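Spelled out from the first residue to the last, the chains are:
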Amino acid sequence: MTTHHTLAVPGARLHYEVRGEGPLLLVMGAPMAAAAFAPLAQALQSEYTVVTHDPRGISGSVLDDPEQDSTPELRADDVAALLDALGADSADVFGSSGGAVTGLALVARHPGRVRTLVAHEPPLLELLPDAAEQRAATEDIIATFHRDGVGAAWMKFMANAGFQVGGDEAGAPTPPPGEPSAQDLADSARFFAHELRHTTRYLPDSAALTTGPTRVVVGLGADSGSLITYGTSTALADLLGTKPVEFPGDHGGFVGRPSEFAGILRGVLTSGC
């Protein structure tokens, strides 16, 4: 059984979902909404109380000011407020992509609230050797969104991230099949206009991550070798003095292979090492 809730936080109303029973596990992304994590949550709900949420400004989490930027720090404060609403002093956290960056900010800003953080492929572009070039590429993607719209920005984003994109005979990228919903378009617009820059420019607090009470585990997809998040994930693991844990699939392995993914995540959370 899944229950749906709304939590008022400064500047927004967060939609979150609770399923299962057992130790508290927060599963989150950014800009991915709760719905994308439903298969993974269902695979874990027999052993955990799994909480997913829509990040502020995405899907069912509505902002007072639609022009407000979404920073990792602000999203981390939202998650801390969510823990308060659940009556929980602490929880395990799985964050993927921008959600992993949110998790890193949560550990730094709210010590002791996270028992184990599994940070799956955080796009920490500032940790890469070509950080300046990546910063420029991000600005170009954002400019493309403002000039040419969501579709063109996504194609440029995916190509820079290392995903293969289709092309015609001249090599020009073609959009993915299927028509995006109005909500998809709104969430994408928010991502490019108000979230992408802040997420990719986040610099993790290595001291807080290595000396605090939280165990931080870096997750990396087995099929992510060609992706930019392979480099950012290995760079984060190096910064922490650890080795990444391999998960099934690539950047979105939890979507395509939720049962296998849940098995690895379960093992990480229970291993304590």
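Refer to the preceding data block for the structure.
Quick caveat: nothing in here was measured; it's all calculated off a predicted structure.

1. Here's the deal with the overall build of the protein
In terms of regular secondary structure, the protein is built from ten helices and nine strands. Each of the three principal axes of the protein carries a C-alpha extent, and together these read 55 × 40 × 35 Å. For the protein, with 273 residues in total, the buried portion stands at 48%. The contacts in the protein between residues at least 6 apart in sequence include a share of 72% that link residues at least 24 apart. Surface summary for the protein: the accessible area is close to 11,700 Å², and the carbon and sulfur share equals 54%. On the protein, the mean spot of the 17 positive side-chain charges and the mean spot of the 33 negative ones are 4 Å from each other.

2. Overview of the environment of Asp-64
Within the fold, Asp-64 resides in the loop between strand S5 (62–63) and helix H2 (72–85). Along the sequence, Asp-64 and Pro-204 sit 140 residues apart, while their C-alpha atoms lie 28 Å from each other. A polar atom in the side chain of Asp-64 sits 3.5 Å from the side chain of Arg-13.

3. Details of the pairing of strand S7 (residues 114–120)
Of all seven residues that make up S7, six are buried, and the element is covered over most of its length. Strand direction decides the pairing type here: strand S6 (residues 91–96) and S7, joined by five bridges, are parallel. By the bridge assignment, Ala-91 is partnered in S7 with Val-114. Chirality of the crossover, the property in question, places the unit of S6, helix H3 (residues 98–109) and S7 among those that are right-handed.

4. Remarks on the pattern of salt bridges
Applying the stated criterion to the full structure yields 13 salt bridges. Linking Asp-84 and Arg-113 is a salt bridge whose minimum nitrogen-to-oxygen distance equals 3.0 Å. Residue Asp-84 is found in helix H2, and its partner Arg-113 is found in the loop between H3 and S7; the two are separated by 29 residues along the sequence. Taking the shortest distance from any N to any O, the salt bridge between Asp-148 and Arg-147 comes out at 3.1 Å.

What counts and how
- Residues numbered from 1 in each chain as written.
- Predicted model: local features only at pLDDT ≥ 70, side-chain atom pairs only at ≥ 80, totals over all residues.
- Heavy atoms only, no water.
- Helix = DSSP H or I, 4+ residues; strand = E, 2+ residues; numbered from the N terminus.
- Buried < 20%, exposed > 50% of the residue type's maximum accessible area, 1.4 Å probe, protein only.
- Contact = heavy atoms within 4.5 Å.
- Areas by Shrake-Rupley, 256 points an atom, 1.4 Å probe, with all protein chains shown as cover.
- Lys, Arg positive; Asp, Glu negative; His and termini not counted.
- Charge placed at Lys NZ, Arg CZ, Asp CG, Glu CD.
- Polar contact = N/O pair within 3.5 Å; in protein donor to acceptor, adjacent residues only side chain to side chain.
- Pairing = 2+ DSSP bridges.
- Right-handed = clockwise from strand over helix to strand, strands pointing away.
- Salt bridge = Lys/Arg side-chain N within 4 Å of Asp/Glu carboxyl O.

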